[in-house]
Amino acid sequence: MNSADQNSEVIHTIGELQFRIDLKPDDLRLWSKTLQTRNEHCNLLLACEHGDGALDQTSLTWVVGSAIRSFSIQSADEVTPLLTSLGVEAALSEKLPELCPGLGFDITWAFYLDRNGTLSASPVPSEA
């Protein structure tokens, strides 16, 4: 949080790609409320085009109008093949374990595309 800019964001550039961590309090509250509606344990919330069927049959998309899908991974290394299967560039998804503290362990992360199509994520507080 200490490295966030005036927009409550942290922007990382990986080659020609960008990754945005959204730390806006309102957005974090919304993600937290979404997490609280889940009956099953999860450490990922994914904004997907489709809410049914196999996860690898959909793509990551922007939040508005998306199907928020819950998923659990056992380690941060599992996020690379998962997000790559959802359309994220491998060069970018490979960097996420080092850019997202607690990924795959004790912190739930929400992944989505922002309005410009940039991969974005937010750490999800366990309580709103």
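Residues numbered from 1 in each chain as written. Predicted model: local features only at pLDDT ≥ 70, side-chain atom pairs only at ≥ 80, totals over all residues. Heavy atoms only, no water.

An account of the overall build of the chain is needed here, citing residue identities and associated values.
Along the chain, the regular secondary structure elements total four helices and six strands. Reading the chain from its N end, one meets helices and strands in the order β-β-α-β-β-α-α-α-β-β. Its C-alpha atoms give the chain a radius of gyration of 13 Å, within 12% of the compact-globule value 14 Å for 128 residues. Principal axes of the C-alpha set define a box for the chain whose edges measure 35 × 30 × 30 Å. Split into buried and exposed, the 128 residues of the chain put 44% on the buried side. Excluding contacts between residues fewer than 6 apart, the proportion of contacts in the chain whose partners are at least 24 apart in sequence is 53%. When the accessible surface of the chain is totalled, it reaches about 7,100 Å², and 48% of it is carbon and sulfur. (Helix = DSSP H or I, 4+ residues; strand = E, 2+ residues; numbered from the N terminus. Rg over C-alpha atoms; globule rule 2.2 N^0.38 Å. Buried < 20%, exposed > 50% of the residue type's maximum accessible area, 1.4 Å probe, protein only. Contact = heavy atoms within 4.5 Å. Areas by Shrake-Rupley, 256 points an atom, 1.4 Å probe, with all protein chains shown as cover.)

I'd love a proper account of the pairing of strand E6 (residues 119-124), names of residues and values included.
Of all six residues in E6, six are buried; the element is thus mostly enclosed. Side chains of E6 alternate between two faces, with Leu119, Ala121 and Pro123 and Ser120, Ser122 and Val124 buried alike. Relative to E6, strand E2 (residues 17-22) runs parallel, the two sharing three bridges. Directly across from Phe19, in E6, lies its bridge partner Leu119. Relative to E6, strand E5 (residues 108-113) is paired through six bridges, and the arrangement is antiparallel. What sits directly across from Phe111, in E6, is Ala121. (Pairing = 2+ DSSP bridges.)

Outline the pattern of salt bridges, listing residues and values.
One pass over the full model with this rule turns up six salt bridges. Between Asp114 and Arg20 there is a salt bridge, and its shortest N-O distance comes to 3.3 Å. Placement of Asp114 in the loop between E5 and E6 and of Arg20 in strand E2 is noted, with a sequence separation of 94 residues between them. Its relative accessible area of 9% is what places Asp114 among the buried residues. Residue Arg20 is classed as buried on the basis of its relative accessible area of 9%. One continuous salt-bridge network, built from bridges that share partners, spans Glu9, Arg20, Asp22, Lys24 and Asp114. (Salt bridge = Lys/Arg side-chain N within 4 Å of Asp/Glu carboxyl O.)

Break down the nonpolar core for me, with residues and values.
Core analysis: the biggest nonpolar cluster contains 27 residues, and Phe19, Leu46, Leu83, Leu96, Leu103, Phe111 and Leu119 have the highest contact counts within it. Of all elements in the fold, only strand E1 (9-14), E2, strand E3 (44-48), helix H2 (79-85), helix H4 (96-99), E5 and E6 reach the threshold of two or more residues within this core. If you look at the next biggest cluster of nonpolar residues, it comprises eight residues, including Leu35, Cys42, Ala110 and Val124. (Core = buried A, V, L, I, M, F, W, Y, C linked by side-chain atoms within 4.5 Å.)

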